[in-house]
Amino acid sequence: MKDDEFYEMEGETISPSDLTLKESKSIHRLVADEEYPYFHLIECRKDEKDNEYVLFDVEPSIAQKPVIDIRKSERICIKFIRSKDGFPETYALRKNFPEALHINHSPKYTPKNLCLSITPFEEEKYNWTAAKQLQRLHRWLSLTSKNELHLHDQPLENVFFGSPDKVILPSIFYDFEKPIDDFALEFVPIVDQNKNVVIVGLNEEVAKSYSINSDNKIKTITIDIKIPIVHGIIYLQPNNLFDLHNHLQNFDLNLLSILQSRLFLANEKDLNGYKLLLVFRIPKKRTVDGEVEAFEIVSFFSLRDLIDISGGLGIYRDGPRHLRSSINHTVTGNAKIINLAILNPSSILTTKAAALYNNINSSNEIKLSAVGLGTLGSQIIINTVRAGQGCWKLIDKDTFLPHNAARHILPATYMGLPKSVALDSYIKRIFIEKSISTPHEIDILQSDIQTLSEILSDSEYIFDFAASVAVSRRLVLDLKQEKPIISFFLNPKGDDLVLLAESNDKLIGLDCLEMEYYKSLYSINRLRDHLKTEEEGIRYAQNCRDISSRIPQYAVALHSGIGSKKIIDILSKNESSEVSIWQLKDDLSVEKIEVKSSYYLIGNNESWTVKVSEVLLKKLDERRAEKLQNETGGVLIGTLDHERSIVYAVDLIASPTDSDEYPTSYIRGIDGLKVRVDEIQKITNNNLQYIGEWHSHPDGAGLTPSSDDKKLFAWIEGYMKLESYPPIMVIVGEMKSNWYVSQVDSAIEFDIGG
């Protein structure tokens, strides 16, 4: 170490007692401690900016024959920057300190700045200690001497040093199998709080769609380096075109000649007013004999106009005539004064990249439709879009109004626009290169079937966020879609999220899943208050329907996260139908309730279609069997769709305790019956109700209505006529049940045994 030459650090030597930064004082205490191994204090310094320096020798663990020239004793300085709260920079002071991996960029003829951690000091300051800093330094030197600092599973090192200045390139630059033509890019210079420039590159077509009319334009010249570079030490940071040219000659690339050729072919009008952005796409491998593991994009920017650069490189323009000189001393001299700034490139976001960032598989090409773009729908859709999932048709008739901004994904700047148009515009500002959404300002309930069918025809899934029974029924019953329909909605208080999802085979339709959902509300104790409304709505305008619900945004946000995750799951696998409810508790925990759904059997007569729960048919069989040899009965629970003449039979109430049950007759009682029916109606908000009567016949007896049965049917008819409902009577026998709907002389048969 006697013969080594060292760089002298800035400032003047000071007494250790004059150190004021706690970081520098703590480092000094350790390196000055004779009992602390491997470190030996040299001196302390302070410069004009009150930055403090601690210089010391360190003894790393070195093999007899180190791979990289790290000495048994190295002179080190840690500089503590006062303006950055004592931020430590570590320098190796030996002038012939070797080039190595994990060294930060520093100017020529200055000490090498060692990179000891990838974590910013601001992030780790809370647990930074002098001992950790010195241990990292000792490890860095020891492993570097063996060329083992860079682990085999770490990403490959960059070809050049990084830069705080950024350029955001179109994603086509990152498709390394496709050549890139030279073309003009609009760019928007943005200066952040640290005065670093971000250049956003948009191709001209995209730029026009965003009404960007910047006077600053750049011409990108992209050069693909064919020979893979073995990752390793970063030797330099080119500051001008000539330095970059010299460096690239190591890879058999004559940069000045390539630029001459490209610029020679360009029209003068394509050069005037343009700046130069050089983009290199470089294949990299870990070892000489290894395969290409990655590509790196390196970009350099010049503030010189391309027309000036063209002239400096020996291209002379005289009207239509272009003359090109050889690469001579004049050209190389001019190249030395064409300054370059390296930019840190990244790609404009694509749906494929978004899926990768979200750590999920991309489903960016699957075609989806969304019906209803309100509070819940907008947030679920955007969550899912940000995850790179789907190409969306956005369907809604409503206008975005001021009160919507309280919970909607859109800001108030979109008010007055149709929700479909506004949300489409919002999505186009997430993925600016490729349109993945189209707006459809239509009313599902008012539009004709042909128009709706044409819009939805190519969708793999239809997501219903409308929170409207009428809309759901139209989708599933009128449009007769072959693709599954998945419905999401919130309960009135917004603390429960409901999912009704058809499977790909659509064995249980959305309307029948709706019935299973209603049934769960009185069957599962935790759901009894699910549809209860405690707060009145808020009037936001003067029409009678201008009322909005009171639902907290935090609840919508939590539920929308769950909803988007379910969509992602469904897109990857949708083999079974689902009815699920997520309940948000006061402590913000969420509990999922899964409802086991029943298949529905379908029959019809001249007037009505009947959809009967398979579970209900099983119950009818079981209740009959329990009371043999007597007859038994009870009432049916369900609902009716009068628009489409559909009866939904969902459940039963068994024989009341005061009923008369005999081998050849049955008289239903009333004990507790009205209370139970009223309770079901209240809990389900009148979505389920009393729809008719059932009774059994003994084995061997037919299912044809007896004279007493016909009297019962006449009574039901008279009772239901007051509500404009059809009379419904079910006779349950051995293996079969006869359903008499609206007429007593014609039955719809359903098997009940097997």
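Structure: above.
Let me sum up the structure you'll find in this document. Here the structure is a predicted model, which is why all the values come from computation and not from measurement.

## Observations regarding helix α5 (residues 241–248)
Phase 1: Across the eight residues of α5, six count as buried, placing the element largely inside the fold.
Phase 2: Taken together, the buried positions of α5 are occupied by L241, F242, L244, H245, H247 and L248.
Phase 3: Looking at the packing, one finds that the buried side of α5 touches α6 (255–265), β13 (274–285), β14 (292–305) and α8 (329–336).
Phase 4: N-capping of α5 is provided by N240, with a side-chain oxygen placed 3.0 Å from the backbone N of F242.

## Regarding a negative patch on the surface
Phase 1: A cluster of acidic side chains, namely D529, E534, E535 and E536, defines a negative patch on the protein surface.
Phase 2: Along the chain, D529 falls in the loop between α14 (510–523) and β24 (538–539).

## So, the sheet that holds strand β6 (residues 103–104)
Phase 1: If you trace the seven strands from one edge of the open sheet to the other, you get β1-β2-β3-β4-β5-β7-β6, paired in antiparallel fashion. Because the sheet does not close on itself, it has two edges, and the strands there are β1 (12–14) and β6.
Phase 2: Here β1 pairs with strand β2 (residues 39–46) via three bridges, running antiparallel. Across the sheet, the residue bridging to I14 is C44, located in β2.

## Structural notes on the pairing of strand β37 (residues 748–751)
Phase 1: Alternating residues of β37 divide into I748 and F750, all buried, and E749 and D751, none buried.
Phase 2: Direction of pairing for strand β36 (residues 736–741) relative to β37: antiparallel, over a ladder of four bridges. Bridge assignment links N738 to a residue of β37, and that residue is E749.
Phase 3: Connecting β36 to the next strand, β37, in antiparallel fashion are six residues, including S742 with a positive phi near 75°.

## A look at the side chain of N404
Phase 1: Following the sequence through the fold, N404 ends up in the loop between β19 (389–395) and α11 (419–428).
Phase 2: Looking at N404, the relative accessible area reads 12%, which means it is buried.
Phase 3: Among residues more than four places away in sequence, those in contact with N404 are T399 and K419.

## Focus: the packing of aromatic side chains
Phase 1: Tallying each qualifying case throughout the model produces 18 aromatic pairs.
Phase 2: Plain terms: the ring middles of Y36 and F39 are 5.7 Å apart, the flat faces sit at 35° to each other, and that makes the pair tilted.
Phase 3: On the basis of relative accessible area, Y36 is assigned to the buried category, the value being 19%.
Phase 4: By relative accessible area, which is 3% here, F39 ends up buried.

## Describing α6
Phase 1: Burial in α6 covers these residues: L255, L256, L259, Q260 and L263. Projection of α6 onto a plane perpendicular to its axis shows the buried side chains occupying an angular sector of 135°, all on one side.

## So, the environment of L241
Phase 1: Tracing the sequence through the fold places L241 in helix α5.
Phase 2: Measuring from C-alpha to C-alpha, the distance between L241 and F488 comes to 59 Å, with 247 residues separating the pair along the chain.
Phase 3: Aside from chain neighbours lying at most four places away, what touches L241 is L255, L256, L259, L278, L313, A335, I338 and L340.

## Here's the deal with the pairing of strand β22 (residues 485–490)
Phase 1: Along β22, six of the six residues are buried, which leaves the element largely enclosed by surrounding structure.
Phase 2: Side chains I485, S487 and F489 of β22 all project onto a buried face; the interleaved residues I486, F488 and L490 project onto the opposite face, where all are buried too.
Phase 3: When strand β21 (residues 461–464) meets β22, the two strands line up parallel, connected through three bridges. Each bridged residue has a counterpart across the sheet, and for F463 the counterpart in β22 is I486.
Phase 4: Between the parallel pair β21 and β22, the chain is carried across by helix α13 (residues 469–478), and the sense of this crossover is right-handed.
Phase 5: Bridge count for β22 against strand β23 (residues 496–501) is five bridges, and the pairing is antiparallel.

## A closer look at the sheet that holds strand β27 (residues 590–595)
Sheet strands associate in pairs through backbone hydrogen bonding, adopting either a parallel or an antiparallel arrangement.
Phase 1: Strands sit in the order β20-β19-β18-β21-β22-β23-β26-β27 across an open sheet of eight strands; the sheet is mixed. Each having just a single partner strand, β20 (437–440) and β27 make up the two edges of the open sheet. Neighbour-to-neighbour, the strand axes of this sheet turn through a mean angle of 20°, independent of strand direction.
Phase 2: Together, β19 and β20 form the strand contacts of α11, whose direction differs from that of β20 by roughly 170°.
Phase 3: Against the sheet, helix α12 (residues 449–456) touches β18 (363–371), β19, β20 and β21, its axis set at about 160° to β19.

## Let's talk about the pattern of salt bridges
Phase 1: Counted under the stated rule, the structure contains 49 salt bridges.
Phase 2: Between R71 and D4 there is a salt bridge; the shortest N-O distance is 3.1 Å. You can see R71 sitting in the loop between β3 (52–58) and β4 (74–81) and its partner D4 sitting in the segment before β1, a full 67 residues away along the chain.
Phase 3: We classify R71 as partly exposed; its relative accessible area is 25%.
Phase 4: Look at D4 and you get buried, because its relative accessible area is 16%.
Phase 5: We note a salt bridge from E296 to K284, for which the minimum N-O separation is 2.9 Å. On the criterion of sequence distance, the pair formed by E296 in strand β14 and K284 in strand β13 is long-range, its members being 12 residues apart.

## With respect to the packing of helix α10 (residues 375–386) against α11
Phase 1: Look at α10 against α11: their axes get within 11 Å of each other, and the N-to-C directions meet at 25°. In terms of their interaxial angle, α10 and α11 are classed as roughly parallel. Here the hand of the crossing between α10 and α11 comes out right-handed. Along its contact with α10, which presents S378, I381, I382, V385 and R386, the element α11 presents L423, Y426 and I427.

Reading guide: rules and limits
Residues numbered from 1 in each chain as written. Predicted model: local features only at pLDDT ≥ 70, side-chain atom pairs only at ≥ 80, totals over all residues. Heavy atoms only, no water. Buried < 20%, exposed > 50% of the residue type's maximum accessible area, 1.4 Å probe, protein only. Helix = DSSP H or I, 4+ residues; strand = E, 2+ residues; numbered from the N terminus. Contact = heavy atoms within 4.5 Å. Polar contact = N/O pair within 3.5 Å; in protein donor to acceptor, adjacent residues only side chain to side chain. Patch = residues over 30% accessible without salt bridge, like charges linked within 9 Å, V, L, I, M, F, W, Y side chains within 5 Å. Areas by Shrake-Rupley, 256 points an atom, 1.4 Å probe, with all protein chains shown as cover. Salt bridge = Lys/Arg side-chain N within 4 Å of Asp/Glu carboxyl O. Lys, Arg positive; Asp, Glu negative; His and termini not counted. Charge placed at Lys NZ, Arg CZ, Asp CG, Glu CD. Pairing = 2+ DSSP bridges. Phe/Tyr/Trp six-rings, centres within 6.5 Å; stacked < 30°, edge-to-face > 60°. Arc of directions from axis to C-beta. Right-handed = clockwise from strand over helix to strand, strands pointing away. Axes fitted to C-alpha atoms, helices over the stretch in contact; angles between N-to-C directions. Parallel < 35°, antiparallel > 145°, perpendicular 65-115°, else oblique. Left-handed = near helix turned anticlockwise from the far one by under 90°.

Purely geometric stuff here, so don't read any function into it on its own.
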